[in-house]
Amino acid sequence: MEMRDFIDREAEMDSGEEDEELIQEEFDEDTGKVKRKQLKNKKGPDFENDDSSEEEEDDDEEEMAKVQAGFIVDDEEEDEEEDADESTPRGSKRKNRRRRREEEEDEDLDDDDLDLVMENTGIDRPKQNKFKRLKRGRNDERPRQTSRDLEKIFDDDEDLDAPNEPDDYDEDIPHRRARPEDYEMDDFIEEDELSETEGQLGSEDEMAMAGRRREADHHRRREEIVGAQNIDIDRLQDMEDIFGTSEYDHLLVTELDEIEINDVQVELKDVFEESHLAERIFQLARKPYDHLPEYKEDEDDPDKLDRLLQEEAEWISKQMLPRKPRFPADLRRHFQNAVFRCLQFFIKDNVEVPFVFQHRKDYLIHAFRPEGENDIVAEKLLNQDELWDILEFDLKWRAFLEKRKALQRTYDALMSMGIVDSVYEAMAPHASTNEDLQDLQDYLHFQYHSALKDAQIASNGIQAGNTKRRPGGGKTFYERIRQSRVYDFVKAFGITADQFAVNVEIEQKREFSEDPEIFPHEMSEQFVDESEFMSSESVIAAAKRMLAEEIYMSPRLRKCLRPKYFARGRIHIDVTEMGVKKIDDQHQYYEFKYLRNQQIRVLFDNPESEEEGLVEVKLELPDSALPPLYDLISSENMSDVANSWNNARKDVVDMAMEKIAKLMQKIVKENIKTECEDRVAAECREAYGERLDQAPFKPKGLDMGQVPNVLTVSSGQGEHGKDAVVCVYMDDFGRIREQVKYPDLRDEQAKREFAELIRRKKPDVVGVAGFTVATHRLIDDIRKLVDEENITVAGENEDERYPLDVIYVNDEVARLYQNSHRSQLEYPEFPPLVRYCIALARYLQSPLLEYAALGKDIVSISFHPAQQLLPPEKLIRKLESAMVDIVNMVGVNINEALKSQNYVGNLLPYISGLGPRKATSILKSITANGGRLATRSELVGDPDKNLLPVVGGNIFVNCSSFIWIEYESAEPGADYLDNTRVHPEDYDLGRKMAADALELDEEDIHNLVNTHGPGAVVSELVNSQQENKVNDLILEEYAEELEKTFNQKKRATLETIRAELQHPYEELRKPFKLLSVDKIFTMLTGETTETLFEGMVVPVNIRRVTDRYIALRLDCGIDGNVASDMVDSSGVSVHALYAVGQTVQGKIVALNRKSFFAEISLRESDIRNAARRFDRQDRDPDDWDEIREEKDRAKLAVTNQEQQRTVRVIKHPLFRPFNSRQAEEYLSKLYRGDAVIRPSSMGMDHIAITWKVADGIYQHVDVLELDKENEFTVGKLLRVMGKYTYTDLDELMHLHIKAMARKVDEMVAHDKFKEGTREDCDKWLTSYSQANPKRSSYRFCFDTKHPGYFDLVFKAGLNAKIMCWKVKVIPNAFQLRDNDYPDMTALCNGFKMLFQSSLQQNNHGHRGGPPPPVNHHYSSHHHNSLPYGHHRR
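Residues numbered from 1 in each chain as written. Predicted model: local features only at pLDDT ≥ 70, side-chain atom pairs only at ≥ 80, totals over all residues. Heavy atoms only, no water.

Trainee: Looking at this structure, how should I read the packing of aromatic side chains?
Mentor: Aromatic rings in a pair are described by how distant their centres are and how their planes are angled relative to each other. Inspection of every chain in the model, using the stated rule, returns 37 aromatic pairs. Taking the centre distance of 5.4 Å and the plane angle of 85° together, the rings of Phe-493 and Trp-645 count as edge-to-face. You can see Phe-493 sitting in the loop between helix H21 (486-491) and helix H22 (497-506) and its partner Trp-645 sitting in helix H28 (residues 640-692), a full 152 residues away along the chain. With a relative accessible area of 1%, Phe-493 lands in the buried category. Grouped by ring-pair contacts, the aromatic residues Tyr-688, Phe-697, Tyr-843, Tyr-851, Phe-863 and Phe-1072 constitute a single cluster. (Phe/Tyr/Trp six-rings, centres within 6.5 Å; stacked < 30°, edge-to-face > 60°. Helix = DSSP H or I, 4+ residues; strand = E, 2+ residues; numbered from the N terminus. Buried < 20%, exposed > 50% of the residue type's maximum accessible area, 1.4 Å probe, protein only.)

Printed below as a string of structure tokens:
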């Protein structure tokens, strides 16, 4: 029985509907949602009412049949009935359709691919309607079945609706039947098809004719689209540049008899799926200016557009200049102008960052000639990173503009009602941040809440025909005060909120308070209102609240105070109870734990500890930072009445400032988080850029950038007798020439064979990497062998010889590659360790290609300790921008990318102007044009050669200079400049420079060009090897002439041309970076300078005990030594104190990271004085809350003492003296299936084993020890769950823990397993049922509350409830409802049989409806009696 059968690939429709509807639907397997598009005929109602010809019945048996009917399709019987129908046209068409569909799936050639191929070959592909033609059905041909067999229960029909879902055919159930609904579909659906010969053109004339017809048809369709769909012609051009010229035309123009055209504005997001745009079109992420309503409407007015860009440039400059503290003040005006020009390039010229940085460098610098000097001085204004920042700020500016426009619309609505607000009109022109706009928005909604609500209701009422609102409904407390007599008492305070804000703004009294003649409590009696404010006290309290709220809402006061909080605010850290326990001296947040009186920038490095619930960040503004607020609101009168009113005013200030402080704390925290994320993302980008910016490894005898021959070696984990030494030799073309394996390189025979391998293959370098410290011993052996055998390589001169380089290789990419799906496709015949060595060799030959091949998996590499706290899309965007920079600096040999599309082709999406989709389109188009690009000009087509355009004009401008073609002088029409970084727009400059260097006159140039083409002059320069003559040219004069005559700045461009004429696409990357000692140490141990350092106390395992020393090993694998004077012996022999295999605590006295060796002390005095990760001795007492720290330490010591128990030590490599929390923290960094053995809280006759089920899920297994010699020894019999018995820990780990881990791996690898939580699984099933109401489905997911269990969640139809059965993992089996199943196939089949059995039982006791919740008893039983998983102490 096939698991794939849960989804029907063909839609089911009732045969009784007479009217027609055209439907296209696509099921998203990831989300469980349906994507549905419809085109309706004008003949009748919706086709969705497909049961109109049948009466609805409430018969319970029929309902049960419908439930069962959703679970089965039998492929074999379906095939048999198809064979019987082959003689009929319908059967023949069905068979042909199935064959073609299978062929298309095998070739992975979908409609988009066909469109791109046909478009770029000039062949007109008949536009098949994307919707199926629906015919009327005949109800009398086949009766609907009302019963199902056992085999049909949960026969996963999903494959019919989800063709891309993996197959899991079950051979145990041979007889399968087709659903009768599937055969009914033959009466409804036909597909428009091509004959085998239709559309195929052979001759060049036919190709040319097809191309001309296609071009004419394309122009006609463009006119139809522009006229019928109201799409702007420029926007249509953008769409064609991104998606191609015709593959989506059918979505924009449809025949008039099939669709009614609505007069609406169509945008890209209306035509294309948003997820499709986000995932597949990288250039949209790099070009946030594709949809610019703020600027598109001003395209016809260039001056207005430039004014908008000037305003934006000024705003962006104000954001960027504070980040450049040392930037000269006299260059600020030029900096703003450079930002303005960049915005023009991005928005008006529609070019991207790499293009601007490479070909508009003159606008990124300020060049001038100082008075009295001849030389030009150039000051750099913008670098490449800042160009990306401009794009980021451009997005923020657009958000600011949108918010500003929305705010203005709100005020316009008030003005239309006759409301004019002087505060708003005074503050709005000066709003320059989103916070300023939000203040004004809050102010308007506070002041005019009812008016805005009336305006909204009126606006909605115009559309709905109803503008009535219940009088007095929905008024806020403050509106009721404002409209009552109490507001007159508010006015009696003698000063308004805005007047007070003015005083605070200028920090002196300009507006004065006026005192009434009577006391506040006497005046309040006059405003008592029996309806709401029934006493003088309530009147005073309401008035104070009202004035305090007005002050709090004052946009002027907020704007005035906000900079003070940012500049002079002080941070205090208040550690939570959880933080006291979790943040110890070695924790990364310890340096923040008791901070106080700190400036805001202290938290820029990591504010996330608050989100984890460990600390609470509090912000306060010192009184010295504020003007005297009481004085600024108080009157200057001297009387008891004035004092009474001033006291009331002070109360108002206190109330308002309390709310303002909370608001400012929230704003400051949000800004801190944003700034922290920006900094972490920038550091990740910088670290990634450093990894990318390195050329291939350069041996002594090769030139920079030349690819070496490589031999890579690894022993994996390096376990002696288990892991062999694997070697892979890769030549400079990336081909694997030999791979060998040696049991041990210390064996004499293996050493001789290895030396012979090196002499025979002559590698330029030997690269070594591995997973443990054993790799250090391996590389020492190889270096010693190379030295003993005197193995050398040639230098730059033939008579020079140098020792063969043996180096460590960064293996972060190789670790991801060795078990990846990509590696299994490329080298299925090799084991993982060989594939690991292949990746190491590739890394030595090109780090850039290796990182590019990772794609989205690049986020698995660690660039910053806090990168996991970043939003994934933000991290990916930053990393991809770094890749874009380096790829465009290096360029892509397009013809090499064509040959190696899955490797070199990975660089193409990062080329300026391209993206994944356009890169794929380019490769397909060039392949259709002949499979090779001879010149860059062929990218835009060549009618003379019958070559169709590969890219549009804008894409060509962006990408052409970064796609290079190797120059071959014998190639007809070859242009040397196509092999350089020179842009085609500057080819004429390069040719003129070549002609001037050769001192050719006009006649010579004319003859060369007429004979050999436009590139003949440059070719003559190169072929005659006179490139150095360009150094004699005086380019400055030429640059001044260009700027004066054509207003073009070309100084930097001319210098680039000169360099490229001499060294085309010269290697500009930095030399290959050898790993530092610290990075090698981290690679082999997993420890950094922050996690392992001298003075630290760590657990060590004793390997040997002698009278003079103790040899031991740390958990990370490095060896250590304890000198005799580093042990507290007290006259007792060390043999009596310590034994081999024992784990004890030791202090690192000395650590040699290069030799992987540590000196350890076991003395108690040293262990008590362990070094802290963060030293706070130099802190000012005012900056650290030492009193709170001592109190917390004392409290924690008491708690630990109460929980203290005898610590048991077990001689086993997996033993750790952990509690459950520590065990989980330790395993969180390890892999699924890893485990630790630890003491149990249930007594000395129990052992606890904690193993990692999945990330965040850990199972704690209780082991009962029997037949113990004493309480400290391990029992001779170990019993788990009362029925599994083992004789030792190794047997238990292998036959029990590892066996369960293998079953978990089997479950997770199954295609019915759903990642995520139970809630995610429920949402998927609900969405799937809504998309497929007659289908049933089930999925497995982790039971996060009960480790070791899985939830089997299923839904038997649209109206059925989601049900859940528990699946328990036991050694070598799965357990479902007390039945054991050896594998996933048996489990799935067993589930279906159990479900069928429950249905049959229900049929005897019920007359229909869904089966009762049979899982409830089972679930409650197992929830309350899990045999293990709860012993956590």
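Trainee: Can you walk me through the confidence of the model for the protein in this structure?
Mentor: A low pLDDT score tells you not to read the predicted coordinates there in detail. The predicted model of the protein averages 77 in pLDDT, with 74% of residues at 70 or higher. This model gives residues 102-109 a pLDDT under 50, and the stretch forms five contacts once residues within four places in sequence are excluded. Here residues 1406-1433 scores under 50 on pLDDT; set against residues more than four positions off or in separate chains, the count is 62 contacts. (pLDDT = per-residue confidence, 0-100. Contact = heavy atoms within 4.5 Å.)

Trainee: Sorry, what's going on with the pairing of strand S31 (residues 1373-1376) here?
Mentor: Strand residues, when the strand is regular, have side chains that alternate between the two faces of the sheet. Neither face of S31 is open: one carries Ala-1373 and Gln-1375, the other Phe-1374 and Leu-1376, and all of them are buried. In this sheet, S31 lies alongside strand S30 (residues 1362-1370) in antiparallel orientation, the contact comprising four bridges. Bridge pairing links Val-1369 to Phe-1374 in S31. Hairpin connection, S30 to S31: the antiparallel pair is bridged by two residues, and Asn-1372 has positive phi, about 65°. Two elements, S31 and strand S32 (residues 1379-1381), share three bridges in a ladder whose sense is antiparallel. Considered in S32, the bridge of Leu-1376 is made with Asn-1379. In sequence, S31 turns back onto S32 through a hairpin of two residues, with Arg-1377 there showing a positive phi of about 55°. (Pairing = 2+ DSSP bridges.)

Trainee: Is there a simple way to explain the sheet that holds S32 in this structure?
Mentor: Whether parallel or antiparallel, the strands of a sheet pair through hydrogen bonds between backbone atoms. Taken together, the five strands give an open sheet; going across it, the order is S28-S29-S30-S31-S32, and neighbouring strands pair in antiparallel fashion. The open sheet terminates on both sides in strands that have one partner only, identified here as strand S28 (1337-1342) and S32. Neighbouring strand axes in the sheet, compared pairwise and without regard to direction, differ in orientation by 30° on average. Contacts between helix H49 (residues 1289-1309) and the sheet are confined to S28, strand S29 (1349-1355), S30 and S31, with S30 contributing the most and set at about 145° to the helix. (Axes fitted to C-alpha atoms, helices over the stretch in contact; angles between N-to-C directions.)

Trainee: Looking at this structure, how should I read the environment of Leu-785?
Mentor: Topologically, Leu-785 is positioned in helix H30 (residues 774-789). Among the residues examined, Leu-785 registers a relative accessible area of 4% and is labelled buried. Placed 40 residues apart in sequence, Leu-785 and Leu-745 show a C-alpha to C-alpha distance of 9.5 Å.

Trainee: Looking at this structure, how should I read the pairing of strand S8 (residues 615-620)?
Mentor: Here S8 shows a buried face lined by Val-615, Val-617 and Leu-619 and an unburied face lined by Glu-616, Lys-618 and Glu-620. Bridging between strand S7 (residues 570-575) and S8 involves six bridges; their strand directions are antiparallel. Bridge assignment links Ile-573 to a residue of S8, and that residue is Val-617.

Trainee: Hey, could you run me through the sheet that holds strand S24 (residues 1246-1254) in this one?
Mentor: Within the open sheet, the five strands sit side by side as S23-S24-S25-S26-S27. Their pairing is antiparallel. Sheet topology places strand S23 (1235-1239) and strand S27 (1284-1286) at the edges, where each strand pairs with a single neighbour. The sheet shows a mean angle of 30° between the axes of neighbouring strands, taken without regard to direction. The pairing of strand S25 (residues 1257-1266) with strand S26 (residues 1277-1280) spans four bridges and is classified as antiparallel. Within the sheet, the bridge partner assigned to Leu-1266 lies in S26 and is Leu-1277. Taken strand by strand, helix H48 (residues 1220-1227) contacts S23, S24 and S25, and its axis lies near 160° from that of S23.

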